[in-house]
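Residue-level structure breakdown
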Amino acid sequence: MPDLQTIVEDIHQALLPRLGEGAVADYIPQLAKVDPKQLGIAVATTGGELHMAGDAATPFSIQSISKVFMLTLALGKVGEGIWKRVGREPSGSPFNSIVQLERENGIPRNPFINAGAIAVTDTVLAGHQPREAIGELLRFVRYLADDDTVSIDDAVARSETQTGFRNFALANFMRSFGNIDHPVEHVLGVYFHQCALSMTCAQLARAGLYLAARGANPLTGHTVVSAKRARRINALMLMCGHYDGSGEFAYRVGLPGKSGVGGGILCVAPGVASIAVWSPGLNKVGNSLLGSEALEMLAARTGWSVFDM
Ligand SMILES: NC(=O)CC[C@H](N)C(=O)O
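Everything numeric here is computed off the predicted structure, so don't read it as measured data. (Residues numbered from 1 in each chain as written. Predicted model: local features only at pLDDT ≥ 70, side-chain atom pairs only at ≥ 80, totals over all residues. Heavy atoms only, no water.)

**Observations regarding the layout of surface pockets**
There is about 350 Å³ of room inside the largest pocket. What lines the largest pocket is a set of 21 residues, among which Ala269, Pro270, Gly271, Val306 and Met309 lie closest to the centre. Mapped by element, the contributors of at least two residues to the lining of the largest pocket are helix H11 (209-212) and helix H12 (227-240). Considering each element in turn, the lining of the largest pocket owes the most residues, six residues, to H12. Its residues assigned to classes, the lining of the largest pocket comprises 15 nonpolar, three polar and three charged. (1 Å grid on protein atoms, 1.4 Å probe; cavity = no way out; pocket = protein on both sides within 12 Å on 5 of 7 lines; lining within 4 Å. Points joined across faces, edges and corners; volume = space filled by probe spheres on them. Helix = DSSP H or I, 4+ residues; strand = E, 2+ residues; numbered from the N terminus. Nonpolar A, V, L, I, M, F, W, Y, C, P; charged D, E, K, R; others polar.)

Structure, rendered in structure tokens:
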């Protein structure tokens, strides 16, 4: 196998002619302004190497990838009790779907669709003002990435607050079933800010290392979660991380991953590496089109797969 740096550069080079494919998320006005012709790849290995290509040092809106970090925080606070409020099954529905919620009594299918993530955020809000919960998450992500420059893009958070009608509907609907404890405006205030976390591929790849290294960041030595919990979060990412595109992603890439409508994907090769890719153009189910292609190529070139150990 050629060295990793060559592989990531080759993949970036191969995809360059296709930059701009897919559709940028435009239901959040601030995201619609992002130049679609960008592609970043960063691979952080458990051995401490970092390989980057393309726009890997450009910050972007991580959006739903933040659901992985918020879930990690919530599990630390309430442990397995979280599963009383949210399931662990793939939804087979779009990320912002409301239909299952009624049939399933306000309990979202999993923590990675919007409804599930909003319930998780509500858990983290317990005993805090929204500003404190946002601060706690920001500190946590900075700690994971070992980088204090990670920030929240207030313009993105504001843009989503003004247009997040569907998320308000989801939160109110869950509240009617007793599955949201705090005022909906508070919960969504935190949720929109977590989605507006702005990170580069390099920062994101480093932040995800704990999931590739049995719960501890091998660069800093910081223990984040137990090995068992890291495995379980990876299992959820594999089954639910790409909404109704999760099966396709598992088939093509074969690694746990979590996407966001900003065009980012965090992907985990357990024991080996944490990978972040970013390209704003999305496919029909809202996952980065070229980001998924890049990961498929990376998995093929390296042989990394959770189905072949
Ligand atoms: N899939 C996503 O990244 C969705 C996150 C976005 N903030 C929303 O709630 O719609």
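**Quick word on the sheet that holds strand E1 (residues 40-45)**
Taken together, the five strands give an open sheet; going across it, the order is E2-E1-E8-E7-E6, and neighbouring strands pair in antiparallel fashion. At either end of the open sheet lies a strand with only one pairing partner, and these are strand E2 (50-54) and strand E6 (257-259). Looking at each pair of strands side by side, their axes are set apart by 10 degrees on average, direction ignored. Two strands pair when backbone bridges link them, and E1 and strand E8 (residues 273-278) are joined in this way by six bridges, in the antiparallel orientation. Residue pairing across strands places Thr45 opposite Ala273, the latter belonging to E8. Of the strands in this sheet, E1 and E2 touch helix H1 (residues 4-15), which is tilted by about 20 degrees from E2. (Pairing = 2+ DSSP bridges. Axes fitted to C-alpha atoms, helices over the stretch in contact; angles between N-to-C directions. Contact = heavy atoms within 4.5 Å.)

**Section: empty space enclosed by the protein**
Under the definition given, this model contains two cavities of 30 Å³ or more. In terms of lining, the largest cavity is formed by 14 residues, of which the most central are Ser97, Gln100, Leu101, Ile113 and Ala115. Counting residues per element, the ones that place at least two in the lining of the largest cavity are helix H4 (99-103) and helix H5 (114-125). Of the residues that constitute the lining of the largest cavity, the class distribution is seven nonpolar, five polar and two charged. Forming the boundary of the second largest cavity are Tyr27, Gln63, Ser64, Lys67, Phe95, Asn114, Glu160, Tyr191, Tyr243 and Val261. Looking at the lining of the second largest cavity, its residues break down into five nonpolar, three polar and two charged.

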